[in-house]
Amino acid sequence: MTPYARRGVHGQTVEALARRILGGEIPEGATLDLVALQSELGVSLTALRESLKVLAAKGMVDARQKRGTFVRARADWNLLDADVLRWQFEGAGTADADRSLLHNLAEVRAIIEPAAVRLAAQRRTEADLVALEDALDAMGRHDAADPGHAVDADLAFHRALLVATHNELLERMEMVIESGLAHRDRIVHSSPHSEPPVPAHRAVLDAVRDGDPEAAERAMRALLDQAGRDLARLGGTDDDPKGSGGQ
């Protein structure tokens, strides 16, 4: 699903409601008082209802006759939706919640990316290699005073790897990976104590270019382990590097 465009009052209302639900301020099963919310948020009833439609499409709320609009059980939420992931990371609120989200993401990435890079090594095209090289070059040029540039370059590299699998479903996994990776990168790249990211990424690219799936998988696992060490060093995750995030 395409990420929700955060524009205007409508976008602000969607995000305000989503974060209240995800943070537990509006608990599962709660029936929403639309009149009170309308007044509190300072929006029209029409704008509020349109915003709730966005959340309904993500499985977070529903409306029934005689019951009204209510928050669905967490088990019904589309937790892999890019917006839901972003809202969770941006509004985690506590170190424990943040650590739990990063740990869950690390487990997902440890399953997906080593397998994906094997396919990339077998299927990559010259265009794929150019995209990967460009992202790596941008990563090497990043200014330490501008961690946002490093985040963008890292995202571009991992996005290009998924594209290089030439599997449409794996390509869509970028929506899952990018929200958490961006959050993790902002933590790590703003610290002077993290390991340089280029050598580990270079090893992945070299193996992909060589068409060596075994070497590519080993390089990706080493990259994920390095990323885990970076976060553990910053106190952002558990001590186990393999459960700590990614680069």
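Residues numbered from 1 in each chain as written. Predicted model: local features only at pLDDT ≥ 70, side-chain atom pairs only at ≥ 80, totals over all residues. Heavy atoms only, no water.

Topic: the overall build of the protein
Thought 1: Counting its secondary structure elements, the protein contains eleven helices and two strands.
Thought 2: Scanning the protein from its N terminus toward the C terminus, one meets helices and strands in the order α-α-α-β-β-α-α-α-α-α-α-α-α.
Thought 3: Of the contacts made within the protein by residues no fewer than 6 positions apart, 69% connect residues no fewer than 24 positions apart.
Thought 4: Taken as a whole, the protein presents about 11900 Å² of accessible surface, with 51% of it coming from carbon and sulfur. (Helix = DSSP H or I, 4+ residues; strand = E, 2+ residues; numbered from the N terminus. Contact = heavy atoms within 4.5 Å. Areas by Shrake-Rupley, 256 points an atom, 1.4 Å probe, with all protein chains shown as cover.)

Considering the pattern of salt bridges
For side chains bearing opposite charge, pairing can occur when the charged atoms are close.
Thought 1: Under the defined criterion, the tally for this structure stands at 19 salt bridges.
Thought 2: One salt bridge connects Arg109 with Glu113, and the closest N-O pair in it is separated by 2.4 Å. Of this pair, Arg109 and Glu113 both sit in helix H5 (residues 95–123), four residues apart, roughly one helical turn.
Thought 3: Judged by relative accessible area, which is 0%, Arg109 ranks as buried.
Thought 4: Each of the salt bridges in this network shares a partner with another, and the network as a whole consists of Glu15, Arg19, Lys58, Asp81, Asp83 and Arg86. (Salt bridge = Lys/Arg side-chain N within 4 Å of Asp/Glu carboxyl O. Buried < 20%, exposed > 50% of the residue type's maximum accessible area, 1.4 Å probe, protein only.)

Section: unusual backbone geometry
Thought 1: Notably, Lys66 is not glycine yet its phi reads approximately 75°, a positive angle.
Thought 2: Its place among the elements puts Lys66 in the loop between strand S1 (61–64) and strand S2 (68–71).
Thought 3: The class for Lys66 is exposed, based on a relative accessible area of 93%.

Remarks on the environment of Thr125
Thought 1: Mapped onto the elements of the fold, Thr125 is located in the loop between H5 and helix H6 (126–141).
Thought 2: Between the alpha carbons of Thr125 and Ala164 there is a distance of 7.2 Å; along the sequence they are 39 residues apart.

A look at the packing of helix H1 (residues 8–22) against helix H3 (residues 45–57)
Thought 1: Following both chains from N to C, one finds H1 and H3 inclined at 55°, their axes separated by 9 Å at the closest point. On the basis of their axis angle, the class for H1 and H3 is oblique. Note on packing geometry: the crossing formed by H1 with H3 is right-handed. For the pair H1 and H3, the contacting residues are His10, Thr13, Val14, Leu17, Ala18 and Ile21 in the first and Ala47, Leu48, Glu50, Ser51, Leu52, Val54 and Leu55 in the second.
Thought 2: Residues belonging to the contact of H1 with H3 are distributed by class as follows: nine nonpolar, three polar and one charged. (Axes fitted to C-alpha atoms, helices over the stretch in contact; angles between N-to-C directions. Parallel < 35°, antiparallel > 145°, perpendicular 65-115°, else oblique. Left-handed = near helix turned anticlockwise from the far one by under 90°. Nonpolar A, V, L, I, M, F, W, Y, C, P; charged D, E, K, R; others polar.)

Observations concerning H6
Thought 1: For H6, spanning 16 residues, the distance from its first C-alpha to its last is 23 Å, which sits close to the expected 22 Å at 1.5 Å a residue.
Thought 2: Restricting attention to buried positions, one finds in H6 the residues Asp128, Leu129, Leu132, Glu133, Ala135, Leu136, Ala138 and Met139. (Expected span 1.5 Å × (residues − 1).)

Focus: helix H4 (residues 82–90)
Thought 1: The element H4 is largely enclosed, with a buried count of eight among its nine residues.
Thought 2: For H4, the side-chain oxygen to backbone nitrogen distance between the N-cap and Asp83 is 2.9 Å, and the N-cap itself is Asp81. (Polar contact = N/O pair within 3.5 Å; in protein donor to acceptor, adjacent residues only side chain to side chain.)

Concerning the packing of aromatic side chains
Thought 1: This structure, assessed with the given rule, holds zero aromatic pairs.
Thought 2: The ring of Phe70 has Arg67 sitting right over it, with the charged end atom 3.7 Å from the ring centre. (Phe/Tyr/Trp six-rings, centres within 6.5 Å; stacked < 30°, edge-to-face > 60°. Lys NZ or Arg CZ within 6 Å of the ring centre and 35° of its normal.)

A short note on the pairing of S2
Thought 1: Where S1 meets S2, four bridges bridge the pair, whose relative direction is antiparallel. Looking at the pairing, Val61 lines up with Val71 of S2.
Thought 2: The hairpin turn running from S1 into S2, its antiparallel successor, is three residues long, and Lys66 in that turn takes a positive phi close to 75°. (Pairing = 2+ DSSP bridges.)

Considerations on the packing of H1 against helix H2 (residues 34–41)
Thought 1: Two numbers describe how H1 lies on H2: the axes approach to 12 Å, and their chain directions differ by 120°. As judged from the angle between their axes, H1 and H2 are oblique. Both H1 and H2 take part in a crossing whose hand is right-handed. Facing Thr13, Ala16, Leu17 and Arg20 of H1, the residues of H2 in contact are Leu37, Glu40 and Leu41.
Thought 2: Split by residue class, the contact of H1 with H2 holds four nonpolar, one polar and two charged.

A closer look at the environment of Phe89
Thought 1: Structurally, Phe89 is set in helix H4.
Thought 2: The class of Phe89 is buried, set by a relative accessible area of 5%.

What about the nonpolar core?
Thought 1: The biggest cluster of nonpolar side chains holds 25 residues, and the ones touching the most others in it are Val117, Leu132, Phe157, Leu161, Val204 and Val208.
Thought 2: Ignoring any residue separated from it by four or fewer positions in sequence, one finds Leu161 in contact with Val117, Ala120, Leu132, Val204, Val208 and Met220. (Core = buried A, V, L, I, M, F, W, Y, C linked by side-chain atoms within 4.5 Å.)

Quick word on the environment of Ala121
Thought 1: On the secondary structure map, Ala121 appears in helix H5.
Thought 2: With relative accessibility at 3%, the residue Ala121 sits in the buried group.
Thought 3: It is 4.1 Å that separates the C-alpha atoms of Ala121 and Val208, two residues lying 87 residues apart in sequence.
Thought 4: In contact with Ala121, other than residues within four places in its own chain, are Ala207, Val208, Gly211, Asp212, Pro213 and Ala216.

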